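# Commentary on secondary and tertiary structure
Single-letter residue listing:
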2 protein chains.
Amino acid sequence: MAAEQDPEARAAARPLLTDLYQATMALGYWRAGRARDAAEFELFFRRCPFGGAFALAAGLRDCVRFLRAFRLRDADVQFLASVLPPDTDPAFFEHLRALDCSEVTVRALPEGSLAFPGVPLLQVSGPLLVVQLLETPLLCLVSYASLVATNAARLRLIAGPEKRLLEMGLRRAQGPDGGLTASTYSYLGGFDSSSNVLAGQLRGVPVAGTLAHSFVTSFSGSEVPPDPMLAPAAGEGPGVDLAAKAQVWLEQVCAHLGLGVQEPHPGERAAFVAYALAFPRAFQGLLDTYSVWRSGLPNFLAVALALGELGYRAVGVRLDSGDLLQQAQEIRKVFRAAAAQFQVPWLESVLIVVSNNIDEEALARLAQEGSEVNVIGIGTSVVTCPQQPSLGGVYKLVAVGGQPRMKLTEDPEKQTLPGSKAAFRLLGSDGSPLMDMLQLAEEPVPQAGQELRVWPPGAQEPCTVRPAQVEPLLRLCLQQGQVAAPPPSS
Amino acid sequence: MAAEQDPEARAAARPLLTDLYQATMALGYWRAGRARDAAEFELFFRRCPFGGAFALAAGLRDCVRFLRAFRLRDADVQFLASVLPPDTDPAFFEHLRALDCSEVTVRALPEGSLAFPGVPLLQVSGPLLVVQLLETPLLCLVSYASLVATNAARLRLIAGPEKRLLEMGLRRAQGPDGGLTASTYSYLGGFDSSSNVLAGQLRGVPVAGTLAHSFVTSFSGSEVPPDPMLAPAAGEGPGVDLAAKAQVWLEQVCAHLGLGVQEPHPGERAAFVAYALAFPRAFQGLLDTYSVWRSGLPNFLAVALALGELGYRAVGVRLDSGDLLQQAQEIRKVFRAAAAQFQVPWLESVLIVVSNNIDEEALARLAQEGSEVNVIGIGTSVVTCPQQPSLGGVYKLVAVGGQPRMKLTEDPEKQTLPGSKAAFRLLGSDGSPLMDMLQLAEEPVPQAGQELRVWPPGAQEPCTVRPAQVEPLLRLCLQQGQVAAPPPSS
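Residues numbered from 1 in each chain as written. Chains lettered and ligands numbered in written order. Predicted model: local features only at pLDDT ≥ 70, side-chain atom pairs only at ≥ 80, totals over all residues. Heavy atoms only, no water.

Keep this limit in mind: UniProt positions are given in the numbering used here, feature names are shortened, and annotations may be inferred rather than shown by experiment.
As annotated in an unreviewed UniProt entry, chain A carries the name Nicotinate phosphoribosyltransferase and is attributed to Homo sapiens. Listed under Catalytic activity (unreviewed entry) in UniProt, the entry text for chain A is "5-phospho-alpha-D-ribose 1-diphosphate + nicotinate + ATP + H2O = nicotinate beta-D-ribonucleotide + ADP + phosphate + diphosphate". UniProt annotates chain A under Function (unreviewed entry) with the comment "Catalyzes the first step in the biosynthesis of NAD from nicotinic acid, the ATP-dependent synthesis of beta-nicotinate D-ribonucleotide from nicotinate and 5-phospho-D-ribose 1-phosphate. Helps prevent cellular oxidative stress via its role in NAD biosynthesis."

## Re helix α7 (residues 176-188) of chain A
All names here are of chain A. Quick note on the threshold: A run of DSSP states H or I qualifies as a helix once it reaches four residues; a run of E qualifies as a strand once it reaches two. Both are numbered from the N-terminal end. Helix span is expected to be 1.5 Å times the residue number reduced by one. The classification of residues rests on relative accessible area computed with a 1.4 Å probe and restricted to protein chains. Under 20% of the type maximum is buried, over 50% is exposed, and intermediate values are partly exposed.
Under the 1.5 Å per step criterion, the end-to-end length of α7 is 19 Å for 13 residues, consistent within 8% with the ideal 18 Å. The buried count for α7 comes to 11 of 13 residues, which makes it a mostly enclosed element. Those residues of α7 that fall on the buried side of the exposure criterion are P176, D177, G178, G179, L180, T181, A182, S183, T184, Y185 and S186. Note on α7: the residue one or two positions beyond its end, G190, has a positive phi of about 125°.

## Points about the pattern of salt bridges
For the record, the criterion: The working definition used for a salt bridge is a side-chain nitrogen of Lys or Arg within 4 Å of a carboxyl oxygen of Asp or Glu.
Per the counting criterion, the structure on display carries 48 salt bridges over all chains. For the salt bridge of B:E103 with B:R36, the shortest nitrogen-to-oxygen distance reads 2.7 Å. Taken together, the positions of B:E103 in the loop between α4 (90-98) and β3 (105-108) and B:R36 in the loop between α1 (20-31) and β1 (38-45) put the pair 67 residues apart, joining distant regions of the chain. With a closest N to O distance of 3.1 Å, B:E372 and B:R336 form a salt bridge. Taken as a pair, B:E372 in the loop between α14 (360-366) and β13 (375-378) and B:R336 in helix α13 (residues 324-341) lie far apart in primary sequence, 36 residues in all. Looking at B:E372, the relative accessible area reads 18%, which means it is buried. Linked by salt bridges that have partners in common, A:D19, A:E135 and B:R171 make up one network.

## Some words on the side chain of A:R156
To be explicit about the condition: Contact definition: two residues touch when any of their heavy atoms are within 4.5 Å.
Within the element layout of this structure, A:R156 appears in helix α6 (residues 135-159). The residues touching A:R156, leaving out its near neighbours within four places in the chain, are A:P161, A:K163, A:L165, A:G189, A:G190 and A:D192.

## Digging into the nonpolar core
Selection rule: Side-chain atoms within 4.5 Å link the members of a nonpolar core, which is a set of buried Ala, Val, Leu, Ile, Met, Phe, Trp, Tyr and Cys residues.
Judged by nonpolar contacts, the single largest core of 313 residues is most densely connected at A:L134, A:F300, B:L134 and B:F300. When sequence neighbours within four positions are dropped, the list of residues in contact with B:L134 reads B:F66, B:L67, B:F70, B:C101, B:V104, B:V124 and B:Y395.

## Remarks on the domain arrangement of chain A
As a reminder of what qualifies: Start and end points for every domain follow an automatic or database-based domain assignment.
As far as domains go, chain A holds domain 1 (9-159 + 389-418 + 474-483) and domain 2 (210-356). Spacing between the C-alpha centres of domain 1 of chain A and domain 2 of chain A amounts to 53 Å.

## Observations concerning the interface of chain B and chain A
Here is the rule: Summed over both partners, the accessible surface that disappears when two parts come together, traced with a 1.4 Å probe, is what is meant by buried area. Side-chain atoms alone can form a polar contact between residues adjacent in sequence; in general such a contact is a pair of N or O atoms within 3.5 Å, and within protein one must be able to donate a hydrogen while the other accepts it. Residues are sorted three ways: Asp, Glu, Lys and Arg are charged, Ala, Val, Leu, Ile, Met, Phe, Trp, Tyr, Cys and Pro are nonpolar, and all the rest, Gly among them, are polar.
If you look at the interface, chain B gives 111 residues, while chain A gives 111 residues. When chain B packs against chain A, close to 9,100 Å² is buried across both sides, 58% of that on carbon and sulfur atoms. When the buried surface of chain B facing chain A is broken down by residue, B:R31, B:R171 and B:Q174 rank first, second and third, together holding 10% of it. If you look at where chain B meets chain A, you find 10 salt bridges. We note a salt bridge from B:R171 to A:E135, for which the minimum N-O separation is 2.9 Å. Put simply, chain B and chain A have 39 residue pairs in polar contact (both at pLDDT 80 or more) between them. In terms of residue count, the dominant contributor to the side of chain B that touches chain A is α1(B) (9 residues). Among the residues making up the side of chain B that touches chain A, the classes are represented as 53 nonpolar, 33 polar and 25 charged.

Structural data, given as structure tokens:
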């Protein structure tokens, strides 16, 4: 994976990306002689996000990368010393300087797998002081990654398998890394591509993009390109002045559409020609800078038909305002009619790309039966998860020195389940999941075909289930600081 | 500022943190011979966030840092070549390799100043190709920073000037950098401190933190600290076994509170003692791990009174569940009664710190007249801005080659105001702001005391205003790639 090669990608995810109380507790543990007590934490969430019925576990690779690189630098220790009491025993800082994750073991749900409330996404065990320090960065790396992956998966389920989904929310993201994380994990959750170039470079996400309104408005039509000539697609024969050719086609297109030839904006057409000269095999038009029907569409058709004469096929059009579904239906009709009129059958299947604040509801409409929309660009809704912008993951101590630990509290929802646990997915005879089950690690592994007594969350009494298959859920991915092979992946 | 020294802090904010269409348009501009056309963009927002009446401009420092460092590395250019057409003229990539911001000029609202819809937060001028490429990273750096600063300022207004506000949302943030950005700009917006250690190290934000429930549950009470002795605060006299001393005080506290001495959890008390041994001058108790009234409060009082006997004053208690206001009122009563009973007046003013999903509404209740709450920790609500998780900033071309440019479109809200502009804040005779005014850059500067004809957004006709003062809003902060002195700051 490309990301492994890039040490800078997660520069912000380093040991001091943590809450100060992790450091003050570290001093407390150390002072109490308990820094090296064996401890185990679980990272989980209490409710599925977005009022939904599932989540996807994600961020594990980032966690493993973070843990393997975990070392406090001198400057880090010095900073901590500056905010801890001045009379703190220097031996504590020596302890911090020597810290790493070489005694940390992590079991986890595989990247991208289904996750449910209460089932650990990560089980982290090791010396108490260090696994406590890891709380905040691990939560930070897992929670948002899982939230975005889940959000993307919900959008994919709404869109169905055919529509292409493009994540384009970098500019709306909560900080640069918010954008990189969003692009990475919306791809994991089922999107086809991202506009984010850095996600392509560092994370191998397919990237996509064409042109914005500023490109269109930057042209007045009076510009003279240094080289207006375009060679035919097959590479044989003389080049053609594409702008002049498009002008000729414009007359035919306007006649066909019943428009005056002066109506389409000359600057928009010049922009389309410039883009087509740069991308003759990947020409796309952005239709709504001035007027879709009186300018964008005829200009697109003129340039597309000029390109077609040279053997190139235009790829798509994009709409970024108005009633996207309705316009797509009408544009497809125009494409079909023009394909027949000008005998260019490929024009019928030019992609229609739409964007503009598309949320789950708008997506459902765009994805409905018969929709002529092919590609849907989603920004804010996938990246910032406005329905619920944080997962609310927690990281709870479940055992110290082999003894179970529990937060009792007067708020029942915040009580924790004590003890080191194993987790299993119980499946029916058709392979469909029945439930996920937690039990203490020392209990015997449940067997397929046997009746099991289980206690669903919130139930007043236990019930029984007889799974046809039993799958262990948590996989060893870091053992005493070493990556366990094979790397975890669903 | 500490951040200036840290080249890694914004590793994710680098030239390829952009939308691919910026690169495809760059090729289009280049192919059309327009890469070096003089262009100007404005970065602004269309509506104040959260349904409010103002925003704070923020992120400018990050932008300046980004622009000064802007260079495409070989690996960046190679990646772009891999996603652009294979027959792209190599001279285009040579152009990219040579790009920097040495011809870019930026005017901006000062960091932290009031911003309103339509008034540019940034005016960016320079060669068309490069200022187009800057769109996405600048939006990414400004939008979220401004959103969080605005959100924090709203929370500060609700809290009033007295309550101390602690940002503690790192674990809920949208990625590691989302957390760093949030901590930095919630401090700008009026918070007192952050839990985020990295924000302290890199951005100079005051950091704060004490202990979590895991620290409390990690102790059973049977642990034996290697050194249970604590020297008196004045440094004279023999050390005292703090745990034993707290045990003695516990009996008095329980008698005073009418509790059995066995009720308070011994593990919680051991945790408090351990924390107090590490932080005798900054002891705080987290009260709600088991039961505030039957365990957390008596254990805190026992340890605080033991410390007090040695000349130390406990600093605070934290509540993280239940009715925070009601508990704070009752805890203050207990503190007052205990202060009188045990003749320790300082106990009356021990800080009461509260946290637990505090939003604007909950904050208003906690900040009401008579509230005994002193410090309020806010996480998700400040960091993720759940009321509106993105600002919706835009970056629009307003002039090319000195000629105004406009996106007309059929969606009136998306129309832009063409031309290079100047912006002024008009103030009344009492110094209060009347309105912000945009005009074309070449128009004469408005004068105080003169009647001005202005056209408020959405108005059907102009109106007149006679400002007592006129302040220019946009300040030169980068001139042809060089930082203009003094650095912009409100």
